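Structural overview
The residues making up each chain are set out below.
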Amino acid sequence: MERTFIMIKPDGVQRNLIAEIIKRFETKGFTLVGLKMMKVSRSLAEKHYEVHKERPFFAGLVNYIISAPVVAMVWEGEGVIASARKIIGATKPLEAEPGTIRGDYAVTVGRNLIHGSDAPETAQTEIRLWFKEEELVSWDPTLKPWLYE
Ligand code: DAT
Ligand code: MG
């Protein structure tokens, strides 16, 4: 089963959207295998967004991520990496389709509520960066036969 790293960013926490966001992945049929609320250190934020470190928005992005708590999660399921990206919507919320999280609840790219890994390799790297092995819980949802043939 595939796993992906999802983070509710500080604006999602401050805007009381934690439950609404979690609900979308849960009701879709994905399985929560890791969950923690945390204040992100500058070094973790910089590591997480390392690919963007030469971009002009990097400093603002890091300051935003460390400005208030986040909710870090790992979700599991068939095709969860690409599906979560669709549930999240386009990076620029004004271009995100209605029905997506960013399309429904956000306006600007600098406050786009949520992060989701973009590919299998980044999912693996990000899960390792944010979670210790013992923080991830493998379990067998009783609903599974009703979600998968
Ligand atoms: P995504 O979060 O959809 O994977 P990304 O990986 O391209 O998008 O960028 C990471 C984050 O950086 C994004 O969620 C918000 C911020 N960002 C990206 N492009 C930006 C821009 N042009 N101006 C300001 N912030 C930007
Ligand atoms: Mg990205």
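Just above sits the structure.
All of the points below concern the structure found in this document. (Residues numbered from 1 in each chain as written. Chains lettered and ligands numbered in written order. Predicted model: local features only at pLDDT ≥ 70, side-chain atom pairs only at ≥ 80, totals over all residues. Heavy atoms only, no water.)

Some thoughts on the site of ligand 1
Every residue close to ligand 1 is listed here: Lys9, Tyr49, His52, Phe57, Leu61, Arg85, Thr91, Arg102, Val109 and Asn112. Between ligand 1 and the protein, one listed contact pairs an oxygen atom with a side-chain N or O atom of Arg102 at 3.0 Å. When each cavity is represented as a set of grid points, ligand 1 is found to reside in the largest pocket. Here the residues of the shell around ligand 1 sort into four nonpolar, three polar and three charged. (Near = heavy atom within 4 Å. Polar contact = N/O pair within 3.5 Å; in protein donor to acceptor, adjacent residues only side chain to side chain. 1 Å grid on protein atoms, 1.4 Å probe; cavity = no way out; pocket = protein on both sides within 12 Å on 5 of 7 lines; lining within 4 Å. Sits in = over half its atoms within 2 Å of the grid points. Nonpolar A, V, L, I, M, F, W, Y, C, P; charged D, E, K, R; others polar.)

A closer look at the sheet that holds strand 1 (residues 2-8)
Judged by pairing direction, the sheet is antiparallel, and its four strands sit side by side in the order 2-3-1-4 without closing on themselves. Each end of this open sheet is capped by a strand with a single partner; those strands are strand 2 (31-38) and strand 4 (114-116). The mean inter-strand angle of the sheet, taken between neighbouring strand axes irrespective of direction, is 15°. One ladder, built from seven bridges, connects strand 2 with strand 3 (residues 70-77); its direction is antiparallel. When the sheet's bridge partners are listed, Thr31 is paired in strand 3 with Glu76. Lying over the sheet, helix 2 (residues 18-28) contacts strand 1, strand 2, strand 3 and strand 4, oriented at roughly 10° with respect to strand 3. Seen against the sheet, helix 5 (residues 80-88) touches strand 1, strand 3 and strand 4 and runs at an angle of roughly 30° to strand 1. (Pairing = 2+ DSSP bridges. Helix = DSSP H or I, 4+ residues; strand = E, 2+ residues; numbered from the N terminus. Axes fitted to C-alpha atoms, helices over the stretch in contact; angles between N-to-C directions. Contact = heavy atoms within 4.5 Å.)

Some details on empty space enclosed by the protein
Summed over all chains, the structure comprises one cavity of 30 Å³ or more. In this structure, the largest cavity encloses a volume near 40 Å³. Taken together, Met1, Thr31, Glu76, Gly77, Pro141, Lys144 and Tyr148 form the lining of the largest cavity. (Points joined across faces, edges and corners; volume = space filled by probe spheres on them.)

Brief notes about helix 5
Where helix 5 is concerned, the buried positions are Val80, Ile81, Ser83, Ala84, Ile87 and Ile88. Here the buried residues of helix 5 occupy an arc of 165° about the axis, which is enough to place them on one side. In helix 5, the exposed residues that point more than 90 degrees away from the buried face are Ala82 and Lys86. Turning to helix 5, the residues buried within the fold contact strand 1, helix 2, strand 3, helix 6 (101-105), strand 4 and helix 7 (120-130). In the stretch just after helix 5, Gly89 is the one whose phi turns positive, near 95°. (Buried < 20%, exposed > 50% of the residue type's maximum accessible area, 1.4 Å probe, protein only. Arc of directions from axis to C-beta.)

Some points on the layout of surface pockets
Considered as a void within the structure, the largest pocket measures approximately 740 Å³ in volume. Taken together, 29 residues form the lining of the largest pocket, with Tyr49, Val51, His52, Leu61 and His115 sitting closest to its centre. Looking at the lining of the largest pocket, the elements with two or more residues in it are helix 3 (42-48), helix 4 (58-65), strand 4 and helix 7. A per-element tally of the lining of the largest pocket places helix 7 first, with four residues. Here the second largest pocket is characterised by a volume of approximately 190 Å³. In this structure, the second largest pocket is lined by Glu26, Thr27, Gly29, Phe30, Thr31, Leu32, Trp75, Trp139, Pro141, Thr142, Leu143 and Leu147. Those elements that provide at least two residues to the lining of the second largest pocket are helix 2 and strand 2. Residue classes in the lining of the second largest pocket are distributed as seven nonpolar, four polar and one charged.

Thoughts on the side chain of Ser83
Within the element layout of this structure, Ser83 appears in helix 5. Beyond its immediate sequence surroundings of up to four residues, Ser83 is in contact with Lys28 and Phe30.

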